[in-house]
Amino acid sequence: MNEYVDNEARKAKLVGKTVTMAHGAGGHQTSELIDMIFKAHFDNPDLTADDAAVLAPPAGKMAVSTDGFIVSPAFYPGGNIGKLSICGTVNDLSCMGAKPLYLTCAFVIEEGFPMEKLEEIAEQYPTPFHIYDEKGIRENAKKLKEAFAWNPGYKEYFAVKATPNPFILNILKEFGCGTDCSSETELMMADALGFSGDDIMFSSNDTPAEEFQFAHRIGAIINLDDITHIEYLEKAIGEIPETISCRYNPGGVFKISNDIMDNPGDSKYGMTTEQMFEAYKILKEKGAKHFGIHAFLASNTVTNEYYPLLAKILFELAVKLKEETGAHVKFINLSGGIGIPYRPDQEPNDIMSIGEGVRKAYEEILVPAGMDDVAIYTELGRYMLGPYGALVTRAIHEKHTHKEYVGVDACAVNLMRPAMYGAYHHVTVMGRENDPCDHKYDVVGSLCENNDKFAIDRMLPEIHKGDLLYIHDTGAHGFAMGYNYNGKLKSAELLLREDGSVEMIRRAETPKDYFATFDFCDILKELI
């Protein structure tokens with residue numbers, strides 16, 4: 001079943017087209033059924049039944065669904081099928097392989113993550129490693145910029161905490177992005193890369209005085225987390241900057257319709273409504289001239305409604321702050337919160353729709369109040385990088401006890417989210433994309449912690465020792481959350497360039513790195 005990836009001309013002809021696909025149990029393709037369906041649903045005169053041979057989504061990305069699904073980009077030996085987006089309704093879908101199940105559904109074919117010859121990459125760069133897609137990152141950054149082009153002052157401050165790699169930051173810098181930093185080391189990285197002044201937003205909490213001092217020294221915009229930080233900042237740097245921002249937390253629960261999205265009232269971040277008004281008055285008295293409002297009320301929202309609703313809340317607050325304090329609100333920072341579809345049955349956010357929703361709120365609330373000069377800022381991390389990175393690991397052990405386990409050479413040191421949050425990351429078994437998902441596994445790492453599991457009771461194709469596993473959507477909060485428990489070393493980071501070449505953008509740690517902090521003495525001198 002590799003002919004579908006070998007014909008680039010056919011794939012190119014299908015990009016952007018709506019076609020009809022058929023699958024049997026486990027994602028297996030049935031040529032006769034495809035031929036029949038193409039004849040019955042022939043809505044593209046320039047396509048033929050043979051063209052369907054280039055399309056065969058991996059069984060691993062399918063799940064039971066009543067309203068459609070997304071097949072995310074993945075590695076394929078020999079080529080790339082791209083991203084398949086649902087267009088229509090799927091009434092029943094299964095990848096369990098228990099019995100043949102035929103279905104039809106319409107897809108729009110888009111270009112995807114061109115991950116070719118993964119084994120060759122793994123031969124040069126030993127697993128585990130994180131790999132990022134330059135083309136996807138660039139296209140996504142461009143689309144975000146287009147979505148908010150209606151606002152002349154718009155700026156994305158990429159959340160460095162999500163993917164703190166200078167090669168990634170330099171790519172985003174080409175699209176006019178700034179940096180959202182939360183620590184001195186992140187500030188140092190941004191400064192060293194040429195981000196300066198208003199290109200840097202310093203949003204931190206429980207902040208040490210020396211970090212405020214460094215942020216002020218390089219001209220970063222300081223976003224205060226608490227009203228008590230006004231006095232603390234003034235004492236640390238000797239003044240109040242002319243441009244300053246305050247982080248807002250309205251408390252309670254944050255709802256969209258009847259769905260609770262998050263619980264700001266239980267969050268340690270931000271100021272209450274009353275404190276915002278008091279803070280603005282104090283800061284204005286101390287010399288601040290230009291103000292910002294910042295809020296982060298929900299994490300990883302997979303809905304187009306979050307940003308417009310948040311914008312409405314902050315725009316209304318901005319109007320009241322201007323009216324009651326006389327402060328000039330220079331910018332409103334919607335922060336992060338736009339999520340990605342980690343699960344195959346989730347629909348991705350439509351950033352153009354989100355941008356339009358924010359624009360409508362802007363026109364309805366700020367413009368009539370004479371505040372049409374307010375700039376919109378965002379601090380996206382997960383949305384910017386999440387789908388464009390993956391953790392590649394190799395199966396090295398199998399264990400058959402009370403459950404079926406597959407042990408891989410990665411662990412929670414390389415990707416903490418499943419262990420820390422029980423977060424779902426999709427797993428593709430490379431080379432077995434078209435095999436039925438008829439084996440139930442726990443996919444585990446080697447840490448001395450029972451929560452070191454990338455997947456629990458996951459239906460996957462049969463896995464053999466030596467198989468490569470591609471763990472999806474680790475481009476944000478993946479490598480960044482790594483640590484060194486059990487003396488484990490952090491992996492390399494690679495960048496798949498637009499021309500198909502692969503570049504190492506961070507080497508893997510070595511034991512010498514691990515022992516480096518003992519270089520002040522001779523106790524481990526033979527290891528340093």
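Everything quoted here is computed from the prediction, not taken from an experiment.

Scoring rules and cut-offs
Residues numbered from 1 in each chain as written. Predicted model: local features only at pLDDT ≥ 70, side-chain atom pairs only at ≥ 80, totals over all residues. Heavy atoms only, no water. Helix = DSSP H or I, 4+ residues; strand = E, 2+ residues; numbered from the N terminus. Buried < 20%, exposed > 50% of the residue type's maximum accessible area, 1.4 Å probe, protein only. Contact = heavy atoms within 4.5 Å. Polar contact = N/O pair within 3.5 Å; in protein donor to acceptor, adjacent residues only side chain to side chain. Pairing = 2+ DSSP bridges. Axes fitted to C-alpha atoms, helices over the stretch in contact; angles between N-to-C directions. Salt bridge = Lys/Arg side-chain N within 4 Å of Asp/Glu carboxyl O. Phe/Tyr/Trp six-rings, centres within 6.5 Å; stacked < 30°, edge-to-face > 60°. Lys NZ or Arg CZ within 6 Å of the ring centre and 35° of its normal. Parallel < 35°, antiparallel > 145°, perpendicular 65-115°, else oblique. Left-handed = near helix turned anticlockwise from the far one by under 90°. Nonpolar A, V, L, I, M, F, W, Y, C, P; charged D, E, K, R; others polar. Patch = residues over 30% accessible without salt bridge, like charges linked within 9 Å, V, L, I, M, F, W, Y side chains within 5 Å. Areas by Shrake-Rupley, 256 points an atom, 1.4 Å probe, with all protein chains shown as cover. Lys, Arg positive; Asp, Glu negative; His and termini not counted. Charge placed at Lys NZ, Arg CZ, Asp CG, Glu CD. pLDDT = per-residue confidence, 0-100. 1 Å grid on protein atoms, 1.4 Å probe; cavity = no way out; pocket = protein on both sides within 12 Å on 5 of 7 lines; lining within 4 Å. Points joined across faces, edges and corners; volume = space filled by probe spheres on them.

Student: Which residues make up the overall build of the protein chain, and what values do they have?
Tutor: Assigned secondary structure in the protein chain consists of 14 helices and 23 strands. Evaluated residue by residue, the protein chain yields a buried proportion of 53% over its 528 residues. Of the contacts made within the protein chain by residues no fewer than 6 positions apart, 70% connect residues no fewer than 24 positions apart.

Student: Before we move on, could you go through the environment of glutamate 379 and cite the residues and values that matter?
Tutor: Turning to its location among the elements, glutamate 379 is positioned in the loop between strand 15 (375-378) and helix 12 (382-385). The spacing of glutamate 379 and glutamate 156 is 223 residues in sequence and 5.8 Å in space, taken between C-alpha atoms. Here the side chain of glutamate 379 touches serine 203 through a polar contact of 3.4 Å, side chain to side chain.

Student: Describe the sheet that holds strand 13 (residues 290-294), naming the residues involved and giving the relevant values.
Tutor: Spatial strand order, 6-7-8-9-10-13-14-15: eight strands in a closed barrel with parallel pairing. In this sheet, adjacent strand axes meet at a mean angle of 25° when their direction is disregarded.

Student: A description of the pattern of salt bridges should follow, citing residues and the corresponding values.
Tutor: In the structure shown here, the tally under the stated rule is 19 salt bridges. Between aspartate 180 and lysine 161 there is a salt bridge, and its shortest N-O distance comes to 3.2 Å. Here the residue aspartate 180 occupies a position in strand 7 (residues 178-181), and lysine 161 occupies one in the loop between strand 6 (155-159) and helix 5 (166-173), the gap between them amounting to 19 residues. Glutamate 242 is the partner of lysine 289 in a salt bridge, and the nearest nitrogen-oxygen pair spans 3.7 Å. Here the residue lysine 289 occupies a position in the loop between helix 9 (273-285) and strand 13, and glutamate 242 occupies one in the loop between helix 8 (229-237) and strand 10 (243-247), the gap between them amounting to 47 residues. With a relative accessible area of 48%, lysine 289 lands in the partly exposed category. Here glutamate 242 falls in the partly exposed class, since its relative accessible area comes to 45%. The network of salt bridges with common partners includes Glu134, Arg138, Glu174, Arg497, Glu498 and Glu503.

Student: An account of the packing of aromatic side chains is needed here, citing residue identities and associated values.
Tutor: Enumeration according to the criterion identifies 12 aromatic pairs in this entry. Grouping aromatic residues by their ring pairs yields a cluster made of Phe148, Trp150, Tyr154, Tyr306, Tyr307, Phe315 and Tyr362. Taking the ring centre of phenylalanine 195 as reference, the NZ or CZ of lysine 173 above it sits at 5.2 Å. A cation over an aromatic ring shows up here: arginine 417 above the ring of tyrosine 342, its NZ or CZ 4.5 Å from the ring centre.

Student: Outline unusual backbone geometry, supporting the account with residue identities and numerical values.
Tutor: Geometrically, the link from threonine 127 to proline 128 is a cis peptide bond, its omega value of 0° lying close to zero. Tracing the backbone shows proline 128 in the loop between helix 3 (118-124) and strand 5 (129-133). Backbone geometry places histidine 477, a non-glycine residue, at a positive phi of 55°. Looking at where histidine 477 falls in the secondary structure, it is placed in the loop between strand 21 (468-471) and strand 22 (492-496). Residue histidine 477 is classed as buried on the basis of its relative accessible area of 17%.

Student: Can you break down the environment of threonine 163 residue by residue, with the values?
Tutor: In this fold, threonine 163 is placed in the loop between strand 6 and helix 5. Once the C-alpha coordinates of threonine 163 and threonine 474 are considered, the two residues, 311 residues apart in sequence, prove to be 9.7 Å apart. Residues in contact with threonine 163, not counting those within four places in the same chain, are Tyr132, Phe158, Ile168, Leu385, Gly475 and Ala476.

Student: Can you explain the packing of helix 6 (residues 184-192) against helix 7 (residues 209-217)? Please cite residues and give values.
Tutor: Orientation of helix 6 relative to helix 7, taken along the N-to-C sense of each, is 15°, at an axis distance of 10 Å. Classified by the angle between their axes, helix 6 and helix 7 sit roughly parallel to one another. Remark: the crossing between helix 6 and helix 7 carries left-handed chirality. Within the contact between the two elements, helix 6 uses Glu184, Leu187 and Met188 and helix 7 uses Glu210, Glu211, Phe214 and Ala215. Tallied by class, residues from the contact of helix 6 with helix 7 come to four nonpolar, no polar and three charged.

Student: Summarise a negative patch on the surface; cite the residues concerned and give the values.
Tutor: A cluster of acidic residues, Glu363, Glu364, Asp372 and Asp373, forms a negative patch at the surface. With respect to the secondary-structure elements, glutamate 363 resides in helix 11 (residues 351-366). The exposure class assigned to glutamate 363 is partly exposed, which follows from its relative accessible area of 39%.

Student: Outline the confidence of the model for the protein chain, supporting the account with residue identities and numerical values.
Tutor: Per-residue pLDDT for the protein chain averages 82, and the proportion of residues at 70 or more is 77%. Within the model, pLDDT remains below 50 along residues 1-45, and this stretch shows 122 contacts once partners closer than five positions in the same chain are excluded. Contacts of residues 47-115 to residues separated by more than four positions or lying in other chains number 240 contacts, the stretch itself having pLDDT below 50.

Student: Describe in detail the layout of surface pockets, supporting the description with residues and values.
Tutor: Considering only enclosed or pocket space, the largest pocket measures out at about 1,100 Å³ in volume. Along the wall of the largest pocket there are 43 residues; nearest its centre are Lys161, Tyr269, Phe296, Ser299 and His477. Of all the secondary-structure elements, those providing two or more residues to the lining of the largest pocket are strand 12 (259-262), helix 12 and helix 13 (417-421). Here the lining of the largest pocket is built from residues that sort into 17 nonpolar, 16 polar and 10 charged.

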